[in-house]
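Examination of the molecular architecture
The primary structure of each chain is shown beneath.
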Amino acid sequence: MSTVLQPLSAGLRKALARANPATSAEVAGRMQVCAAADDAVELLIYGNIGASWWDDESITAKSVVEALQGTEASTIRVRINSYGGSVSDGVAIHNELRRHAARGAVIDVTIDGAACSIASLIAMAGDIVTMPSNALMMLHAPWGSLYIDGNAKDVRELAEEFASVLEVFGSAMAQSYARKTGKPASEFEAMWATGKDYWYDAASALAFGLCDFVNDEDTADEAADEPTTDEAASALLQGLIASAPGALRTNLRAAFRAPASASVATDAASVPRASAREFLPATAGALTGASPMSIPTNTAVADATAAATAAALAALRTRNTEIQAMAGACLDNADVQAYVQRVIAEADPDVTAGDVGKEILRLQAKGRQPLNGGARVEAGVDETDKFREAGVNAILARAGFFKGDEAARARAGNPLANATLLGLAEHCLLRAGISTRDMTRDDIGMKVLAAGQSTSDFPVLLENALHKVIVANYNAQPWTWDRFCKIGTLTDYRPHGRYQLSSFSDLAEVSQSGEYTNGTLGDGGKESITGKRKGRILELTPEVLANDDLGFLIDLAGMLGRAAGRTIEKDVYALLALNSNLGPTMSDGQPLFYASRASGTNIDGTAAAPTVASLDSAASVLRTQKDFGGNDFLDLEPAIWLGPVTKAGAARAVVNSEYDPDATNKLQRFNIARNIVRDVVSSPRLSGTRWYLFADPAVAPVIEVGFLNGIREPQIRQDENFRTEGLAWRVTHKYGVNAISSIGAVTNAGG
């Protein structure tokens, strides 16, 4: 979900302010920071996130930042019991905790009861996240509320703008969940798109990667001490010695052959906890060549080595104890048991307890699903949406747009299946709280069609029905233009440049002692394409409503859809017809098809009807075309034959015949033009005898049809109607057509 957030409009800021009144004073609520033993502080987050005028126990980002300001504790223990609240406050609290983590603090999060909505995102700041077995976590997309005054257009625009704001918030939140779980952010954005709440108990959160440990209060926290393993210690020691420089490596090996009196006894329990790799930098100077290293005496080497060995072994024991405690509840899994035994036996100091924990989670998750079969709590379909869908289905079924099984499904269980247009209008007025008891048929029609009648569903369901009809008829058109034209995207109505680059100069030979010389990029060309807006007005008058002329309205919408598709087709062929069917004038002042360009001619000089010889000749012209600067051949191949319908039959005969149809004895001469193109396209909009060969438009595009913002289908939108007492819709299609290159096509005057 990639969305660019534009500055909020004045209308949206006003709607947000009215829906979310500001608080008169900020309250810290149940947010406490207290000192704890062993160089740690504890942060208690109990209650709603963000300032709130209805809750005295809310936690703001400001209060958390101020409370943690200046703390240098090595561990920040965060305890959470919250149903969520303000997204911006939650994100700020998460980021403040991660800033402390970046400075070296360990963020240890425990979910005491529930971490829902934005509170679950705060939990993702934890380096370690623990959940008791009866705790809960809930994730969902951000949501909000608006208070809007205005007509249907105002409401729709502000709602769309607000929806894009929420999507940007959701995309940002997904990054935090992705960082913690290791899953792609797109997976969480897909969850937001469903609109559902995703609940996890401790076990399913652990499997999904949202937490690291489950604390079961009924299970005693026991871990057997890791026995000393001579083989493991020896393997670790050999790794340490192998990492030392050559001279020191010799002395280290000698030291370990020295008498026991040369060593220093060290209590491993008194050595600070660290990984074995932390003891290697003592030899790094010699490895990098930064400075020479003196060779220590055997006694000094023995002392240093004994201390390093003791510390490394202590770190290894600590790591193994952590691994055993972590894996204790999972050892009934044969894969986990084998993996843990292998890690302890190999004694690789590069493998941390965190690495092992992640692998255990992966092994545990194999073939598993969340509890309750992945069940989720979902909100039902909105009642207004149900009514509008029923109304649209009723209109399209009655008008004959739906047929067969589709029509039967549209009518099944539909309370509006037999309603007339006026009946639908009355239903909509009653739903909007407008009584029709004393209204005549004309009154009902006038009321529901009145300008500014934004409280009624009638314009919306009609618009939805008409849009379906328009798009269906548009797509049903037998177009030909998209078989030989490139389809592009335009961002606005300004001219969009389409550039043709020349090729780089050939590589030059370089002698044994010679220098490389600069190459040149030849001059390129530029053409442009400009988008235009085309459309018509579709009206619903009181007379159509009163007479229930539903078929007329649907037929008119279908005609508009077909007209939209037909308009593009006409524009493309009108472009080719310019300059006596030689195409539009290009930026060099010459028509699209011209005999004397640096890239070579795109006109086959021998006029002829489609035959084996003429198609082969035109293909040869295409194959000899060069880049814009005329530096080298492009090796283009013909893909499409285009011509008038009167010549298409001959072209198909040439392309599809196994033997030469023009030869006297066609059974003995192979057709050299067979399958010379993959498609034969004809149109009655091409007059005369001229025909064309085009290369694949994906390889060498000649004509482009560009759509505004990439939207290929016509759009419908309710319009203000001041001419008649009815509803009106604008049907618009926004696109541009132009030739963007003279390379990639050849024409023959025909005969």
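Residues numbered from 1 in each chain as written. Predicted model: local features only at pLDDT ≥ 70, side-chain atom pairs only at ≥ 80, totals over all residues. Heavy atoms only, no water.

Attention now moves to the overall build of the protein. Helix and strand counts for the protein stand at 22 helices and 20 strands. Total accessible area on the protein stands at roughly 38900 Å², and carbon and sulfur atoms take up 51% of it. (Helix = DSSP H or I, 4+ residues; strand = E, 2+ residues; numbered from the N terminus. Areas by Shrake-Rupley, 256 points an atom, 1.4 Å probe, with all protein chains shown as cover.)

Quick look at empty space enclosed by the protein now. This model, assessed by the stated rule, comprises 2 cavities of 30 Å³ or more. Looking at the second largest cavity, its volume works out to about 30 Å³. Together, Tyr-594, Arg-597, Ser-599, Gly-600, Thr-601, Asn-602, Gln-625, Ser-742 and Ile-743 line the second largest cavity. Looking at side-chain class alone, the lining of the second largest cavity contains 2 nonpolar, 6 polar and 1 charged residues. (1 Å grid on protein atoms, 1.4 Å probe; cavity = no way out; pocket = protein on both sides within 12 Å on 5 of 7 lines; lining within 4 Å. Points joined across faces, edges and corners; volume = space filled by probe spheres on them. Nonpolar A, V, L, I, M, F, W, Y, C, P; charged D, E, K, R; others polar.)

Residue alternation in strand S7 (residues 198–201) divides its side chains into a buried set, Tyr-198 and Tyr-200, and an unburied set, Trp-199 and Asp-201. Sheet topology places strand S6 (residues 136–139) next to S7; 4 bridges connect them, and they run antiparallel. Across the sheet, the residue bridging to Leu-139 is Tyr-198, located in S7. (Buried < 20%, exposed > 50% of the residue type's maximum accessible area, 1.4 Å probe, protein only. Pairing = 2+ DSSP bridges.)

Right, let's talk about a nonpolar patch on the surface for a bit. A surface patch of nonpolar side chains, about 320 Å² in accessible area, is lined by Tyr-83, Leu-136 and Trp-199. Locating Leu-136 in the fold gives a position in strand S6. The class of Leu-136 is partly exposed, set by a relative accessible area of 34%. (Patch = residues over 30% accessible without salt bridge, like charges linked within 9 Å, V, L, I, M, F, W, Y side chains within 5 Å. Salt bridge = Lys/Arg side-chain N within 4 Å of Asp/Glu carboxyl O.)

On average, the protein scores 79 in pLDDT, and the residues at 70 or more come to 76%. Averaged pLDDT values over the elements of the protein bottom out at 32 in helix H10 (residues 284–288) and peak at 97 in strand S16 (residues 691–695). Across residues 256–297 the pLDDT falls below 50, and counting only partners more than four positions away or on other chains, this stretch makes 53 contacts in the model. (pLDDT = per-residue confidence, 0-100. Contact = heavy atoms within 4.5 Å.)

A separate point is the pattern of salt bridges. Taken as a whole, this structure holds 18 salt bridges when the rule is applied. Among the ionic contacts, a cluster of salt bridges with common partners joins Glu-42, Arg-79 and Asp-112.

Our next topic: helix H17 (residues 441–449). Those residues of H17 lying buried are Ile-444, Gly-445, Val-448 and Leu-449. All buried residues of H17 fall inside an arc of 115° around its axis, so they share one side. (Arc of directions from axis to C-beta.)

In an α-helix, one turn spans 3.6 residues; hence positions three or four apart end up facing the same way. For helix H2 (residues 61–68), every residue scored as buried is listed here: Ala-61, Ser-63, Val-64 and Leu-68. Burial along H2 is one-sided: seen end-on, the buried residues are contained in an arc of 165°.

Under the definition given, this model contains 15 aromatic pairs. Ring geometry for Phe-188 and Phe-208: centres 6.0 Å apart, planes at 80°, overall edge-to-face. Of the two residues, Phe-188 is situated in helix H6 (residues 185–194) and Phe-208 in helix H7 (residues 202–208); the sequence distance between them amounts to 20 residues. Between Phe-707 and Tyr-735 the ring centres are 6.3 Å apart and the planes differ by 50°, which places this aromatic pair in the tilted class. Highlighted residues: Phe-707 in strand S17 (residues 703–708) and Tyr-735 in strand S19 (residues 727–739), separated in sequence by 28 residues. Its relative accessible area of 3% is what places Tyr-735 among the buried residues. Grouping aromatic residues by their ring pairs yields a cluster made of Tyr-177, Phe-188, Trp-192, Tyr-200 and Phe-208. Over the ring of Phe-208 we find Lys-183; its NZ or CZ atom is 4.6 Å from the centre of that ring. (Phe/Tyr/Trp six-rings, centres within 6.5 Å; stacked < 30°, edge-to-face > 60°. Lys NZ or Arg CZ within 6 Å of the ring centre and 35° of its normal.)

Moving on, we come to the environment of Leu-424. Structurally, Leu-424 can be placed in helix H16 (residues 421–431). Excluding anything up to four places from it in sequence, Leu-424 contacts Gly-391, Ile-395, Leu-416, Ala-419, Phe-458 and Leu-461.

This part covers the pairing of strand S20 (residues 745–748). Strand residues, when the strand is regular, have side chains that alternate between the two faces of the sheet. Burial of the side chains of S20 extends over both faces: Ala-745 and Thr-747 are buried on one face and Val-746 and Asn-748 on the other. Pairing of strand S13 (residues 603–604) with S20 involves 2 bridges; the strand directions are parallel. When the bridges of S20 are listed, Asp-604 appears paired with Asn-748.

To continue, consider the sheet that holds S20. Strand order across the open sheet formed by 5 strands is S13-S20-S16-S14-S15, with mixed pairing between neighbours. Since the sheet does not close on itself, it has two edges, and those belong to S13 and strand S15 (679–683), each with one partner. The sheet contacts of helix H21 (residues 612–623) involve S13, strand S14 (638–644), S16 and S20, and relative to S16 the element is tilted by about 45°. (Axes fitted to C-alpha atoms, helices over the stretch in contact; angles between N-to-C directions.)

For the pair H2 and helix H3 (residues 87–102), the least separation of the axes is 8 Å and the interaxial angle reads 20°. When the axis of H2 is compared with that of H3, the two are roughly parallel. Handedness of the crossing formed by H2 with H3: right-handed. From H2, Ala-61, Val-64, Val-65 and Leu-68 reach across to H3, where they touch Asp-89, Ala-92, Ile-93, Glu-96, Leu-97 and His-100. Classifying every residue of the contact of H2 with H3 gives 7 nonpolar, 1 polar and 2 charged. (Parallel < 35°, antiparallel > 145°, perpendicular 65-115°, else oblique. Left-handed = near helix turned anticlockwise from the far one by under 90°.)

Topologically, Glu-96 is positioned in helix H3. Not counting residues within four places of it along the chain, the set of residues in contact with Glu-96 comprises Val-65 and Leu-68.

This next bit is on unusual backbone geometry. Excluding glycine, most residues fall at negative phi; most peptide bonds, likewise, are trans. Phi at Ser-580 is positive, roughly 60°, even though this residue is not glycine. As for its placement among the helices and strands, Ser-580 is situated in helix H20 (residues 550–581). Although it is not a glycine, Asn-675 adopts a positive phi angle of roughly 55°. Relative to the helices and strands, Asn-675 is located in the loop between helix H22 (645–656) and S15. Given a relative accessible area of 52%, Asn-675 falls into the exposed group.

The next point concerns the packing of helix H5 (residues 152–181) against H6. Two numbers describe how H5 lies on H6: the axes approach to 8 Å, and their chain directions differ by 130°. Here H6 runs oblique to H5, going by the angle between their axes. Classified by chirality, the crossing of H6 by H5 is right-handed. Two secondary-structure elements touch here, H5 through Gly-170, Ser-171, Ala-174, Gln-175, Tyr-177, Ala-178 and Thr-181 and H6 through Ala-185, Phe-188, Glu-189 and Trp-192. Of the residues assigned to the contact of H5 with H6, the class counts are 6 nonpolar, 4 polar and 1 charged.

For the rest of this paragraph, the subject is a positive patch on the surface. On the surface, Arg-562, Arg-566, Lys-570 and Arg-685 cluster together into a patch of positive charge. Its location among the elements puts Arg-685 in the loop between S15 and S16. Judged by its relative accessible area of 36%, Arg-685 falls in the partly exposed class. (Lys, Arg positive; Asp, Glu negative; His and termini not counted. Charge placed at Lys NZ, Arg CZ, Asp CG, Glu CD.)

This part takes up the environment of Tyr-83. Position of Tyr-83 among the secondary structure elements: in the loop between strand S3 (75–82) and H3. Among the residues examined, Tyr-83 registers a relative accessible area of 61% and is labelled exposed. Each C-alpha atom of the pair Tyr-83 and Ser-117 lies 6.4 Å from the other, and the pair is 34 residues apart in sequence. Filtering out sequence-adjacent residues up to four positions away, Tyr-83 remains in contact with Cys-116 and Ser-117.

The next subject is the environment of Val-336. With respect to the element layout, Val-336 can be found in helix H12 (residues 334–346). Taking the C-alpha atoms as reference points, Val-336 and Leu-363, 27 residues apart in sequence, are found 6.4 Å from one another. Contacts of Val-336, omitting those with residues within four sequence positions, involve Cys-330, Ile-360, Leu-363 and Gln-364.

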